[in-house]
Amino acid sequence: MQEKIIILDFGSQTTQLIGRRVRELDTYCEIVPYNKFPKNDPTVKGVILSGSPFSVYDEAAFKVDLSEIRGKYPILGICYGAQFIAYTNGGTVEPANTREYGRAHLSSFCKDNVLFKGVSENSQVWMSHGDTITSIPSNFKTIASTDKVKIAAYQIENEQVWGVQFHPEVYHSVDGTQMLKNFVVDVCGCKQDWSPASFIESTVADLKKQLGNDKVVLGLSGGVDSSVAAVLLNKAIGENLTCIFVNNGVLRKNEFKNVMNDYECLGLNVIGVDASEKFFSELAGISEPEQKRKIIGKGFIDVFDEEAHKIKDVKWLAQGTIYPDCIESLSITGTVIKSHHNVGGLPEKMNLKLCEPLRLLFKDEVRRVGREMGMPEHLIGRHPFPGPGLAVRILGDITPEKVRILQDADDIFIQGLRDWGLYDQVWQAGVILLPVQSVGVMGDERTYERAVALRAVTSTDAMTADWAHLPYEFLGKISNDIINKVKGVNRVTYDISSKPPATIEWE
């Protein structure tokens, strides 16, 4: 049985980062809502409490009774988690005089405490809180301080309970991964045996047991997640898997043909459906982004359902859902920024059971699993691509001519990144067709044509992203190529917005 760390999510924006850091230690972990601790699970080795947007003394703050956990498992509270443990045991948490945000340094810490084994002197940590612990109960011991925060970390005496007011999961906490390793490995005793190979072996065995001789359909998108899910299922059930790849008319240039060729080389049983005319008809005149997303989502369901019903005795629908999708669907704050691109509604419509073999993996882990299975690098290393495709990179209504312009411009940009050795340095890139026209001059004649924006970002998880600092020479070359080769474009801009406050996609 796979041992694991449980992360109780109190709503922090960095909860997923905690999970990623623990997974990077080759240790399996699960993120669950703060009040959904899995009872009677013998595989749980320790518990981490996340941060939160709330103050512990707020009436609306997320609160949970830790009495069934404390004493049974080692516990590490991070930021709000640390404040919550202290506050509910009689400590004092108050608003800080000034919001403590950004880099700080551990001016002192207990070097003999297991949490700080291997931590360097004056180690840099990342603070992000408006409250601070001003007093702790008598059986709590302060084990670290910064210049501004006296109780930066504590341990409950004679208990395996720690709290830190900084964020060890954040990149800027230089020894943060070491601290997490000290907790996960040295305190909780995890064996660090979570690997792509072990995941593949256990998942294929589980799929064989779960699916038996049943038939399964899977909707392919051409992206990493659905492709890896398909190959994993193919290893488990072979010809009982049928994949359906739908051309919605807003894919990348030549993508339908290229991806079909890739899937055939992987030995997958794939049905390709060109439904572009249907989608263009239903999208005609629609400019509102969320409406475009819903039309494409419903259209996919309709086409997929029609094709799947041509296959006899199908009992399962497989999806390339990954762990961040599951975490977002369990959001404890209920905030929705934009509707998710997964094919929600299909299982109910088709009366099928749902199979999601990747639902426990982060994106980087999906790629590692794909490489372990020998999948080609150009499939594994593909940039993320929005579910609604180029429809959300065309600002305004969708027409075949606009799609043609954007496909041509996007192809020049992406191929240029590959040719210059820049593709793998970028998390995601694409071109946006702007809803404006621009005056220009070509061959001594005045032109009035479209403007496009190039978008390229660097990121590790898409939660935050910075605009990619691409070489001027490269940007100049791409601009010239697009203007000279793409009929209908006479101006190219470069988006230098970071996330936050901007999102990666424009819609």
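Positions within a chain are numbered from 1, following the residues in the order the chain's sequence is written. Reporting in this predicted model follows two pLDDT cut-offs: at least 70 for local features of residues, and 80 or more for side-chain atom pairs to be given and counted; totals over whole chains, interfaces and linings ignore these cut-offs and use all residues. Hydrogens and waters are ignored; side-chain quantities use all the structure's heavy atoms.

This part takes up the overall build of the chain. Within the chain one finds 14 helices and 18 strands. The buried share of the chain, taken over its 507 residues, is 56%. Across the chain, contacts joining residues at least 24 apart in sequence account for 75% of those joining residues at least 6 apart. All accessibility values rest on the Shrake-Rupley procedure with a 1.4 Å probe; residue burial counts only the protein chains present in the view. Surface accessibility of the chain: about 23000 Å² in total, with carbon and sulfur atoms responsible for 48%. Asp and Glu count as negative and Lys and Arg as positive, but His and the ends of the chain are not part of the count. Taken as the charge centre is NZ of Lys, CZ of Arg, CG of Asp or CD of Glu, depending on the residue. In the chain, the 55 positive side-chain charges and the 65 negative ones have mean positions that sit 1 Å from each other. Note on conventions: DSSP H or I runs of at least 4 residues are helices, E runs of at least 2 residues are strands, and numbering of each starts at the N terminus. Exposed residues in this analysis have more than 50% of their type's maximum accessible area, buried residues have under 20%, and partly exposed residues fall in between, with area computed by a 1.4 Å probe over protein chains only. Any two residues whose heavy atoms approach within 4.5 Å are treated as being in contact.

The next thing to look at is the nonpolar core. Phe 413, Leu 417, Leu 454, Leu 470 and Ile 482 are the most contacted members of the largest nonpolar core, which has 51 residues in total. Counting residues per element, this core draws most heavily on helix H13 (residues 400-419), at eight residues. Not counting the four nearest positions on each side in its chain, Leu 470 is found in contact with Phe 413, Leu 417, Leu 422, Val 426, Ala 456, Leu 475 and Tyr 494. Only buried residues count toward a nonpolar core, which is a set of Ala, Val, Leu, Ile, Met, Phe, Trp, Tyr and Cys residues joined through side-chain atoms within 4.5 Å. Within the second largest apolar cluster, 40 residues are counted, among which are Phe 199, Val 228, Ala 229 and Ile 237.

Our next topic: the layout of surface pockets. Detection works on a 1 Å grid of protein atoms alone, calling trapped sets that fit a 1.4 Å probe cavities and calling open sets with protein on both sides within 12 Å along at least five of seven lines pockets, with lining residues defined by an atom within 4 Å of a point. Grid points are joined across faces, edges and corners, and a volume is the space filled by probe spheres set on the points. When its volume is computed, the second largest pocket comes out at roughly 500 Å³. Lining the second largest pocket we find 21 residues, and of these Phe 199, Ser 202, Thr 203, Asp 206 and Leu 360 sit closest to its centre. A total of seven residues in the lining of the second largest pocket trace back to one element, the largest contributor, which is helix H4 (residues 196-211). Note on residue classes: Ala, Val, Leu, Ile, Met, Phe, Trp, Tyr, Cys and Pro are nonpolar, Asp, Glu, Lys and Arg are charged, and everything else, Gly too, is polar. Each residue belonging to the lining of the second largest pocket can be placed in one class, and the counts come to nine nonpolar, six polar and six charged.

Examined against the element boundaries, Ser 123 turns out to sit in the loop between strand S5 (92-109) and strand S6 (124-135). If near-sequence neighbours (up to four positions away) are discounted, Ser 123 is found in contact with Ala 104, His 105, Leu 106 and Asp 175.

Residue position: Ala 284 is located in the loop between helix H7 (276-283) and helix H8 (289-308). On the accessibility criterion, Ala 284 (49% relative accessible area) is partly exposed. For Ala 284 and Asp 397, which are 113 residues apart along the polypeptide, the C-alpha to C-alpha distance reads 6.7 Å.

Take helix H3 (residues 176-187) next. One less than the number of residues in a helix, times 1.5 Å, gives the span that helix is expected to have. Compared with the 16 Å implied by 1.5 Å per residue over 12 residues, the 15 Å span of H3 between its first and last C-alpha is a close match. Among all positions of H3, only Gly 176, Met 179, Leu 180, Asn 182, Phe 183, Val 184, Val 185 and Val 187 are buried. Gly 189 sits one or two positions beyond H3 and adopts a positive phi of about 75°.

Turning our attention to the pattern of salt bridges. Here, a salt bridge means any side-chain nitrogen of Lys or Arg that lies within 4 Å of a carboxyl oxygen of Asp or Glu. Tallied over the entire structure, the rule returns 27 salt bridges. In this structure, Arg 23 engages Glu 365 in a salt bridge whose closest nitrogen and oxygen atoms are separated by 2.5 Å. Separated by 342 residues along the polypeptide, Arg 23 in helix H1 (residues 15-24) and Glu 365 in helix H11 (residues 363-372) bring together distant segments of the chain. The two residues Arg 23 and Glu 365 agree in class, both being buried.

We now examine the sheet that holds strand S10 (residues 215-220). On the basis of which strands lie adjacent, the open sheet formed by five strands has the order S12-S11-S10-S13-S14 and parallel pairing. Taken across any chain shown, the strands that pair with only one partner, and hence form the sheet edges, are strand S12 (270-274) and strand S14 (353-355). Within this sheet the neighbouring strands show an average axis-to-axis angle of 30°, counted without direction. In terms of strand pairing, S10 meets strand S11 (residues 241-247) through five bridges, oriented parallel. If you follow Leu 220 over to S11, its bridge partner there is Phe 245. Here, a strand pair is defined by DSSP locating no fewer than two bridges between the strands. Every axis in this analysis is a line fitted to C-alpha atoms, fitted for helices over the stretch in contact. Angles between the N-to-C directions lie between 0 and 180 degrees.

A separate point is the confidence of the model for the chain. For the chain, per-residue confidence averages 89 on the pLDDT scale, and 93% of positions sit at 70 or higher. Throughout residues 333-345 the model reports pLDDT below 50, and contacts reaching past four residues in sequence, or to other chains, amount to 17 contacts. Each residue carries a pLDDT score, the predictor's own confidence in it, on a scale running from 0 to 100.

Taking every second residue as pointing to the same face, both faces of strand S9 (residues 161-164) are buried, with Val 161 and Gly 163 on one and Trp 162 and Val 164 on the other. When strand S4 (residues 75-78) meets S9, the two strands line up parallel, connected through four bridges. When the bridges of S9 are listed, Ile 75 appears paired with Val 161. Bridge count between strand S8 (residues 153-156) and S9: three bridges; the pairing is antiparallel. Bridge pairing links Ala 153 to Val 164 in S9. Counted between consecutive antiparallel strands, the loop separating S8 from S9 contains four residues, among which Asn 158 sits at a positive phi close to 60°.

The next point concerns the environment of Arg 382. With respect to the helices and strands, the residue Arg 382 is situated in the loop between helix H12 (377-380) and H13. Taking the relative accessible area as the measure of exposure, Arg 382 reaches 11% and is therefore buried. Each C-alpha atom of the pair Arg 382 and Phe 183 lies 35 Å from the other, and the pair is 199 residues apart in sequence. Setting aside chain neighbours within four positions, we find Arg 382 in contact with Gly 222, Gly 223, Val 224, Arg 252, Glu 255, Val 259, Arg 367 and Tyr 423.

Further remarks concern the packing of H13 against helix H14 (residues 472-485). Packing of H13 against H14 brings their axes to within 10 Å, and their N-to-C directions diverge by 150°. Classed by the angle they form, the pair H13 and H14 counts as roughly antiparallel. In this structure, H13 meets H14 at a crossing whose hand is right-handed. Between H13 and H14, the residues in contact are Ala 409, Ile 412, Phe 413, Gly 416 and Leu 417 and Phe 474, Ile 478, Asp 481, Ile 482 and Lys 485, respectively. When an angle is under 35 degrees it counts as roughly parallel; over 145 it counts as roughly antiparallel; between 65 and 115 it counts as roughly perpendicular; any other value is oblique. Crossings are assigned a handedness: left-handed for a near helix turned anticlockwise from the far helix by less than a right angle, right-handed for a clockwise turn.

Our focus in this paragraph is the pairing of strand S3 (residues 44-49). Across the six residues of S3, five count as buried, placing the element largely inside the fold. When strand S1 (residues 4-9) meets S3, the two strands line up parallel, connected through five bridges. Each bridged residue has a counterpart across the sheet, and for Ile 5 the counterpart in S3 is Gly 46. Where S3 meets S4, three bridges bridge the pair, whose relative direction is parallel. Residue Val 47 lies in a different strand from S4, and its bridge partner there is Ile 75.

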